[in-house]
Amino acid sequence: MKRPLAAVGDINMNKKLKQQEEEMSREAEAVLLHDNLLFEVLKHVDDGRTLASAACVSRQWKRTAQDERLWELICTKHYNSTPLQLRVVVLALGGFRRLYSSHLWPLLRQSSSSSSSSSPSSVSAWPCLPPAPAERPRSKARWGRDEVNLSLSLLSIKYFEKMSFNRGK
Amino acid sequence: MKRDNPNQLNFATSSSSNKGKMWCEEQDAGGVDELFAVLGYKVKSSDMAEVAQKLEHLEEVMGSVQQDGLSQIASDTVHYNPSDLSSWLESMISELNPLPNFESFNSIVQDPFLETSCVTSIDSHSYNSLNSHARSHISVSTQQQMVVDSDFGSDLISIPGKAVYPPSQQHPPLQHQPQPKKLKPSSYSGMGSSNTASWGSPNESISAHPIESARPMLLVDSQENGIRLVHSLMACAEAVQQQNMNLAEALVKQIGFLAVSQAGAMRKVATYFAEALARRIYKLYPTNPHDTAFTDLLQMHFYETCPYLKFAHFTANQAILEAFAGKSRVHIIDFGMKQGMQWPALLQALALRPGGPPSFRLTGIGPPSHDNMDHLREVGCKLAQLAETIHVEFDYRGFVANSLADLNASMFDVREGETVAVNSIFELHQLLAQPGAIEKVLQVVSEVKPEILTVVELEANHNGPVFLDRFTESLHYYSTLFDSLESSGGGDIGGGAVSVQDKVMSEVYLGRQICNVVACEGPDRVERHETLVQWRTRFQSAGFGPVHLGSNAYRQASMLLALFAGGDGYRVEEKDGCLTLGWHTRPLIATSAWKLI
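Residues numbered from 1 in each chain as written. Chains lettered and ligands numbered in written order. Predicted model: local features only at pLDDT ≥ 70, side-chain atom pairs only at ≥ 80, totals over all residues. Heavy atoms only, no water.

Right, let's get into the nonpolar core. All names here are of chain B. Formed by 134 residues in total, the largest nonpolar core has its most connected members in L277, Y308 and F360. Apart from the residues lying within four places of it in its own chain, the contact partners of L277 are L233, C236, A237, V240, V252, I255, F467, F471 and V518. By size, the runner-up hydrophobic cluster in this structure holds 28 residues, among which are I333, F412, V444 and L453. (Core = buried A, V, L, I, M, F, W, Y, C linked by side-chain atoms within 4.5 Å. Buried < 20%, exposed > 50% of the residue type's maximum accessible area, 1.4 Å probe, protein only. Contact = heavy atoms within 4.5 Å.)

As structure tokens, this is what we get:
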């Protein structure tokens, strides 16, 4: 880095900029490395894929991104008027993250690939590959009540099957 | 295995099409080819391509040699053991010192040997051509005659002479121009065999084929074999119907061979049907499986592999859920408890319904178990545990009964203010084996005064009075079912793929049904499936009227199917308020709901 010879003022400017940058990054760090704040940020995530990717960033992010409340938000995003006992029941049966990853996600993936799905919510292309930077039809698959209900049924069946396994039947 | 330009051959068929039918064999991995072995030739399956090539080469060579040269060959071949086909050919070829001579070759190789009056497939051509060559040799030299199995009925053809039927099919591996026919020199005319008819009228036209003689080709005409297989199955069933057991026996053996030549679903279906027919013929009736645990296990695998059972459960549950809307005390009577896989989903749905879950009672009925474990109770305990986890008040009672007809309404202890639902998945058809049983059961059901009766049954008529009709129906039905199984690479439910074991077990499960439909009679034949229309008549005469399954059930079912690989093939259809799940155009199971009117 070449210092301009005759610009002491410039040097000061650079220093200041650097300081500002450092401050900013420290603030950002503070947010992103702080569990609660990170949680608040992740609450705004729209879809499961993003949240799942977030969980891959670091151990701390994983802890936060795997919080059931975040996944509950994702699962019930398009489900108007969720039943009161939903949280209790789902948590008992394995949790929202499992609900999404094992049951809701395959359902959405399949229904987006088969265009003749009769689900009431419209499903647009779900990108299976990392999106090309140019045009990105940012998938807005909607998972309404029917999809969630079906996934819940499957979750309960799976739980039941696993129960027998544990009992050593 | 490739098929070489069948279109370029003459596809003339004639009345003698029955003759000259050959069996094509598929390779056996390793070991001696079984069809050749039957005929007395030991040919390793791995050598087949080579043998084929050599035979072609031989043909070439023989064609180029002048007529008298042949008799010389004939005398020489005594020294070689024809059962070792490969080396025999080798020696033949080396003796002949081949110099392919195109012109003379043409005249010989074409015409009578390429006579297609017999079969429309490529294979027969070379069969005939080589047949003649081979036969001349062998009958002159070694005098070994194949004994044709005379047990076969009139439908079957005798295997002409020394059946050296190479699987390879190339047409004379040289280019040749269509030539005016010239019958093969008379030295062959003495051979009487059922194939002589084929030598009669020569080919009209043989188009030139590009030769790729170096490429070993094994042709398995499985399509034609498939047709033959079906015909044989039907013929065998007819023979059984007419009590012509000898013919049936012969046919069953043939079916066994043909089945092996097929692949995939057809093979499995044919094998099961052949086994069932054999049992019927030899009177080795299968005893009804007492090991219900094993049957349950098989059904579990079937549950995982394909959507039929899940469809049944989901649609029935939806109907029950709707019938229970607003009710605070519910009681379900399940006629076939098995592993209880239907109920977790219903419990969960009830737990989440607006207004909270009702208090839930379940009465499960099952057959007596032959090991010391109380399966019914275990299933009940598991369900109770699940219900507790999701905070649903749960009460369970298990009943052991040999037949549903043994039950009566008072056993169920229906309490005041309870809403009852009766559920039967693939249970009612078994009652048709005993006269009067179904009426009694329906009577009991109406005494219980259920809010809804949900019934899922196989959509097929396998209970006709005529054996042949039942056979035909079930052949079509199970073929479709096996087809759908084949396509089920797996269901993505819970991210688990269907394993090969699941698939195999499902096939065994279905195979048992096939065995029962075909081989059993009287009270043993419990797989008495009937169609929805037939059931409707029965229910209506017992005082029940249909309840329309709503669009929720339809939607859920359709979504469910999307999760199964091969989901495109499955079709959910609505028929008079009932839902059917089928494979392509054929409905296979039907869910219906009924209530007392």
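All names here are of chain B. Between helix α10 (residues 292–305) and helix α16 (residues 500–519), the least distance of the axes is 8 Å, while the angle of their chain directions is 120 degrees. For the element pair α10 / α16, the angle class is oblique. Our pair here, α10 against α16, has a crossing hand that is left-handed. Note on element contacts: α16 touches α10 through Q501, D502, K503, M505, S506, V508, Y509, L510 and R512, opposite F294, T295, L297, L298, Q299, H301, F302, E304 and T305. Looking at the contact of α10 with α16, its residues break down into eight nonpolar, six polar and four charged. (Axes fitted to C-alpha atoms, helices over the stretch in contact; angles between N-to-C directions. Helix = DSSP H or I, 4+ residues; strand = E, 2+ residues; numbered from the N terminus. Parallel < 35°, antiparallel > 145°, perpendicular 65-115°, else oblique. Left-handed = near helix turned anticlockwise from the far one by under 90°. Nonpolar A, V, L, I, M, F, W, Y, C, P; charged D, E, K, R; others polar.)

Turning our attention to the layout of surface pockets. In this structure, the second largest pocket occupies an estimated 680 Å³ of space. Around the second largest pocket sit 27 residues that line it, and A:N149, B:Q318, B:L321, B:A349 and B:P354 are the ones nearest its centre. Those elements giving two or more residues to the lining of the second largest pocket turn out to be α8 (145–166) of chain A together with α11 (308–323), α12 (343–351) and α18 (551–562) of chain B. Grouping the amino acids of the lining of the second largest pocket by side-chain chemistry returns 12 nonpolar, 10 polar and five charged. (1 Å grid on protein atoms, 1.4 Å probe; cavity = no way out; pocket = protein on both sides within 12 Å on 5 of 7 lines; lining within 4 Å. Points joined across faces, edges and corners; volume = space filled by probe spheres on them.)

What follows deals with the interface of chain A and chain B. Contacts between chain A and chain B engage 33 residues on the former and 36 residues on the latter. Carbon and sulfur atoms make up 68% of the area that chain A and chain B hide from each other, which totals about 3200 Å². Here chain A is connected to chain B by one salt bridge. As a salt-bridge pair, A:D146 and B:R555 come within 2.7 Å of each other at their nearest N and O atoms. The tally of links from chain A across to chain B stands at two residue pairs in polar contact (both at pLDDT 80 or more). Elements represented by at least two residues in the side of chain A that touches chain B include exactly α6 (86–93), α7 (96–113) and α8 of chain A. (Buried area = accessible area lost by both parts, 1.4 Å probe. Salt bridge = Lys/Arg side-chain N within 4 Å of Asp/Glu carboxyl O. Polar contact = N/O pair within 3.5 Å; in protein donor to acceptor, adjacent residues only side chain to side chain.)

Further remarks concern the environment of A:T82. Residues and elements named next belong to chain A. As for its position among the elements, T82 is in the loop between α5 (68–75) and α6. Overall, T82 belongs to the partly exposed group, its relative accessible area being 37%. Between the C-alpha atom of T82 and that of R145, which follows or precedes it by 63 residues, the distance is 8.7 Å.

What follows covers the confidence of the model for chain A. Residues and elements named next belong to chain A. Here chain A shows a mean pLDDT of 76. Residues at 70 or above account for 74%. Mean pLDDT across the elements of chain A ranges from a minimum in helix α1 (residues 8–32), with 81, to a maximum in α6, with 90. The model gives residues 115–125 a pLDDT under 50, and that stretch makes 23 contacts with residues more than four places away or in other chains. Counting interchain partners and residues more than four positions distant, the pLDDT-below-50 stretch residues 131–139 has eight contacts. (pLDDT = per-residue confidence, 0-100.)

All names here are of chain B. Across seven bridges, strand β2 (residues 359–366) lies against strand β3 (residues 394–400) in parallel orientation. Each bridged residue has a counterpart across the sheet, and for G366 the counterpart in β3 is V400. As a crossover connection, the stretch from β2 through helix α13 (residues 375–389) into β3 is right-handed. (Pairing = 2+ DSSP bridges. Right-handed = clockwise from strand over helix to strand, strands pointing away.)

This paragraph deals with the packing of aromatic side chains. Evaluation of the coordinates by the stated rule reveals 15 aromatic pairs over all chains. A ring pair is formed by B:Y477 and B:Y478, whose centres lie 5.2 Å apart and whose planes are at 85 degrees; its orientation type is edge-to-face. Residue classification places B:Y477 among the buried residues on the basis of a relative accessible area of 1%. Between the aromatic rings of B:W535 and B:F539, the centroid separation amounts to 6.0 Å while the plane-to-plane angle is 25 degrees, which identifies the pairing as stacked. You can see B:W535 and its partner B:F539 sitting in helix α17 (residues 532–541), four residues apart, about one turn around the helix. The structure contains a cluster of three or more aromatic residues connected by ring pairs, namely B:F273, B:F467, B:F471, B:Y477 and B:Y478. The ring of A:F160 has B:K382 lying over it, and the distance from NZ or CZ to the ring centre is 4.3 Å. (Phe/Tyr/Trp six-rings, centres within 6.5 Å; stacked < 30°, edge-to-face > 60°. Lys NZ or Arg CZ within 6 Å of the ring centre and 35° of its normal.)

Residue and element names in this part refer to chain B. Evaluation of the coordinates by the stated rule reveals zero disulfides over all chains. C515 takes part in no disulfide bond, and the closest cysteine sulfur to it belongs to C520, at a distance of 6.5 Å. Note on C515: relative accessible area 9%, which makes it buried. (Disulfide = S-S within 2.5 Å.)

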